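Okay, here's what each chain looks like letter by letter:
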Amino acid sequence: MDKILFLEWASFGNEHIIPVFEKFGYEVVKFPFSVHDEDTRKSEKLASETAERILKEKPVFVFSFNYYPTVAIACKACRVKYVSWIYDSPFIQVYSQTALLDTNRIFHFDSHEVGRLQGLGVKNIHYLPMAAAVEHYDRVLPSAGDRAAYDSEITFIGSTYLEEHNHMFRHLKELDDHTRGYVDALLQAQMILYGVDVIEPALTPPIVESIQKVCPVYAQGDGMETAEWVLANYFLARKVTAMERQKLLSELSEKHQVRLFTPERTPQLPNVLNMGKIDYYDRAAFAMKCAKINLNISLRSIHAGMPLRALDILGCGGFLLTNFQSDFLEYLKPGEDFVYYESIEQAVELADYYLTHDKEREAIAANGYRKVKQELSYTKQVEKMLDLI
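My aim in this report is to walk through the structure given alongside it, one point at a time. (Residues numbered from 1 in each chain as written. Predicted model: local features only at pLDDT ≥ 70, side-chain atom pairs only at ≥ 80, totals over all residues. Heavy atoms only, no water.)

### A word on the overall build of the chain
Next, step 1: A count of helices and strands for the chain gives 17 helices and 12 strands.
Next, step 2: Taken over the C-alpha trace, the chain has a radius of gyration of 21 Å; the compact-globule value for 389 residues is 21 Å, and the two agree within 12%.
Next, step 3: The burial tally for the chain puts 56% of its 389 residues in the buried class.
Next, step 4: Residue pairs at least 24 apart in sequence account for 66% of intrachain contacts in the chain once pairs closer than 6 positions are excluded.
Next, step 5: Looking at the chain as shown, the accessible area adds up to about 16400 Å², and 51% of this sits on carbon and sulfur atoms.
Next, step 6: Separation between the mean location of the 42 positive side-chain charges and that of the 54 negative ones in the chain comes to 3 Å. (Helix = DSSP H or I, 4+ residues; strand = E, 2+ residues; numbered from the N terminus. Rg over C-alpha atoms; globule rule 2.2 N^0.38 Å. Buried < 20%, exposed > 50% of the residue type's maximum accessible area, 1.4 Å probe, protein only. Contact = heavy atoms within 4.5 Å. Areas by Shrake-Rupley, 256 points an atom, 1.4 Å probe, with all protein chains shown as cover. Lys, Arg positive; Asp, Glu negative; His and termini not counted. Charge placed at Lys NZ, Arg CZ, Asp CG, Glu CD.)

### Concerning the pairing of strand 1 (residues 3-8)
Next, step 1: The pairing of strand 1 with strand 2 (residues 27-32) spans six bridges and is classified as parallel. Bridge pairing links E8 to P32 in strand 2.
Next, step 2: Taken together, strand 1, helix 1 (residues 14-23) and strand 2 form a β-α-β motif whose crossover is right-handed.
Next, step 3: By the bridge criterion, three bridges tie strand 1 to strand 3 (residues 61-65) in an arrangement that is parallel. Counterpart to L5 in the pairing with strand 3 is V62. (Pairing = 2+ DSSP bridges. Right-handed = clockwise from strand over helix to strand, strands pointing away.)

### Side note on the sheet that holds strand 7 (residues 152-157)
Next, step 1: Strand order in the open sheet formed by six strands is 9-8-7-10-11-12, with parallel pairing between adjacent strands. The open sheet terminates on both sides in strands that have one partner only, identified here as strand 9 (273-276) and strand 12 (339-341). In this sheet, neighbouring strand axes are inclined to one another by 25° on average, regardless of whether the strands run parallel or antiparallel.
Next, step 2: Relative to strand 12, strand 11 (residues 320-323) is paired through three bridges, and the arrangement is parallel. Across the sheet, the residue bridging to N323 is Y341, located in strand 12. (Axes fitted to C-alpha atoms, helices over the stretch in contact; angles between N-to-C directions.)

### Some words on the nonpolar core
Proteins that are soluble and globular tend to have nonpolar side chains buried together.
Next, step 1: One finds I17, F21, F63, F65, W85 and L203 to be the most contacted residues of the largest nonpolar core, which totals 138 residues.
Next, step 2: Ignoring anything within four residues of it in the chain, the contact list for F63 reads I4, L5, F6, L7, I17, F21, V83, W85 and M385. (Core = buried A, V, L, I, M, F, W, Y, C linked by side-chain atoms within 4.5 Å.)

### Focus: the environment of P19
Next, step 1: On the secondary structure map, P19 appears in helix 1.
Next, step 2: Between the alpha carbons of P19 and S250 there is a distance of 41 Å; along the sequence they are 231 residues apart.

### Observations concerning the layout of surface pockets
Next, step 1: As a volume, the largest pocket reaches approximately 1200 Å³.
Next, step 2: When residues of the lining of the largest pocket are traced back to their parent elements, those giving at least two are helix 11 (227-253) and helix 13 (308-315).
Next, step 3: Of the residues forming the lining of the largest pocket, the biggest block, three residues, is contributed by helix 11.
Next, step 4: In the lining of the largest pocket, the residues fall into 22 nonpolar, 10 polar and five charged. (1 Å grid on protein atoms, 1.4 Å probe; cavity = no way out; pocket = protein on both sides within 12 Å on 5 of 7 lines; lining within 4 Å. Points joined across faces, edges and corners; volume = space filled by probe spheres on them. Nonpolar A, V, L, I, M, F, W, Y, C, P; charged D, E, K, R; others polar.)

### Here's the deal with the packing of aromatic side chains
Next, step 1: Per the stated rule, a full pass over the model turns up 24 aromatic pairs.
Next, step 2: Aromatic side chains F21 and F61 sit 6.1 Å apart centroid to centroid with 65° between the ring planes, which places their arrangement in the edge-to-face category. Of this pair, F21 sits in helix 1 while F61 sits in strand 3, placing them 40 residues apart in sequence.
Next, step 3: With centroids separated by 5.4 Å and ring planes inclined at 50°, the aromatic side chains of F33 and Y68 adopt a geometry described as tilted. Of this pair, F33 sits in the loop between strand 2 and helix 2 (44-57) while Y68 sits in the loop between strand 3 and helix 3 (69-78); the two residues are 35 residues apart in sequence, bridging distant segments of the chain.
Next, step 4: Here F33 falls in the buried class, since its relative accessible area comes to 4%.
Next, step 5: Ring-pair connections join several aromatic residues into one group, and the members of that group are F6, F12, F21, Y26, F61, F63, F65, W85, Y87, Y280, Y281 and Y378.
Next, step 6: The positively charged end of R283 is found above the aromatic ring belonging to F286, 4.1 Å away from the centroid.
Next, step 7: The positively charged end of R300 is found above the aromatic ring belonging to Y194, 4.4 Å away from the centroid. (Phe/Tyr/Trp six-rings, centres within 6.5 Å; stacked < 30°, edge-to-face > 60°. Lys NZ or Arg CZ within 6 Å of the ring centre and 35° of its normal.)

### A short note on the pattern of salt bridges
Next, step 1: What the rule picks out here adds up to 17 salt bridges.
Next, step 2: A salt bridge links E244 to R300, with the nearest nitrogen and oxygen atoms 3.1 Å apart. Placement of E244 in helix 11 and of R300 in the loop between strand 10 (291-296) and helix 13 is noted, with a sequence separation of 56 residues between them. For the residue pair E244 and R300, the accessibility class agrees, reading buried in each case.
Next, step 3: Taken together, the salt bridges that share partners define one network made up of K3, R53 and E57. (Salt bridge = Lys/Arg side-chain N within 4 Å of Asp/Glu carboxyl O.)

### Let's talk about the side chain of N294
Next, step 1: For N294, the position within the fold is in strand 10.
Next, step 2: Within the local environment of N294, its side chain forms a polar contact with the backbone oxygen of M288, the two atoms lying 3.0 Å apart.
Next, step 3: Filtering out sequence-adjacent residues up to four positions away, N294 remains in contact with T155, A287, M288, I313, G318, F319, L320 and L321. (Polar contact = N/O pair within 3.5 Å; in protein donor to acceptor, adjacent residues only side chain to side chain.)

### Structural notes on the sheet that holds strand 2
Next, step 1: Across the sheet, six strands lie side by side as 2-1-3-4-5-6; this open sheet has parallel pairing. The open sheet is flanked by strand 2 and strand 6 (125-127), the only strands paired with a single partner. Going across the sheet, the axis of each strand differs from the next one's by a mean of 20°, ignoring polarity.
Next, step 2: Sheet contacts for helix 4 (residues 111-119): strand 5 (104-108) and strand 6; angle to strand 6, the most-contacted strand, approximately 155°.
Next, step 3: Where helix 17 (residues 378-388) meets the sheet, it contacts strand 3, strand 4 (81-86), strand 5 and strand 6, and its direction lies at approximately 145° from that of strand 4.

Printed below as a string of structure tokens:
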């Protein structure tokens, strides 16, 4: 039986994808892989340990969620394919020069990033949306107690990014007046625009230089990323997301019951019911199933892709109200399988409407569930992956 060497770390989807690989006839050998204790971009020790395990197990390929340059180096040395499936964006390690190695088979959930990396010369990268663990969610049946704990008009699961340590804006307070005004205007412009990135193209060399004086951010020497890309995607996009999430949750909570599941304190949102942290694997599905409307407010560094949160909502049979992301349109019909908004005002109007039109809301949720189960299950996505490999 052919083996897959599976890099095991605390990623989403481990317990869902392994049985699917086994269903396709592979023996899955788990290799504990620390993404926190070692430098997964540059560690020679980690590359050597991975190579030794590859030589011992002789897999047909190595697999990981997300992409790690040390593994790519080990696979190239051992002449074995490295298959990775990226579900985070931004994910800076895929901009390592190792992404150019011919033994890679990289899959990314965001078509925008796929096009960008192909433009940088990464040939073996493919667009592959994430999957919903529909069979698992079908077994999640909320009890009366769960209903009492999680029933809501509107639910959002995720970070608000409002705390100072989450972004660099504590440093940007030191910017000169011109640069601070320019950046503030740029953030406001991006917040009202969906489906187009205006931040990175607007980061001119003088603006980048001014920002770096108070918050040094530089590209890695072994990578293809630029300082502009890092600033736009790791910092400024996160700030826009924080602004959008705060404004939308605030406005929705003035009229409706809104439950927020986050480990952060949110004194800025006095009308929102902050439910604290929720275990994404054990309890999040109950919250999604018990909400009349589930919100997806994408991290703005996800330029086109369907976030995993959105697919999980649909896979739970939940009604999805999301910001516009172009990749949704390849698989789902707006107004039939899900609903998207293109402004804060429109999101509030749509929430008002669907909270008073139960049959329409429930029909859309049922359609989205069927579509995801048919087109975006782990079995379906792994089958596509194996065909491309």
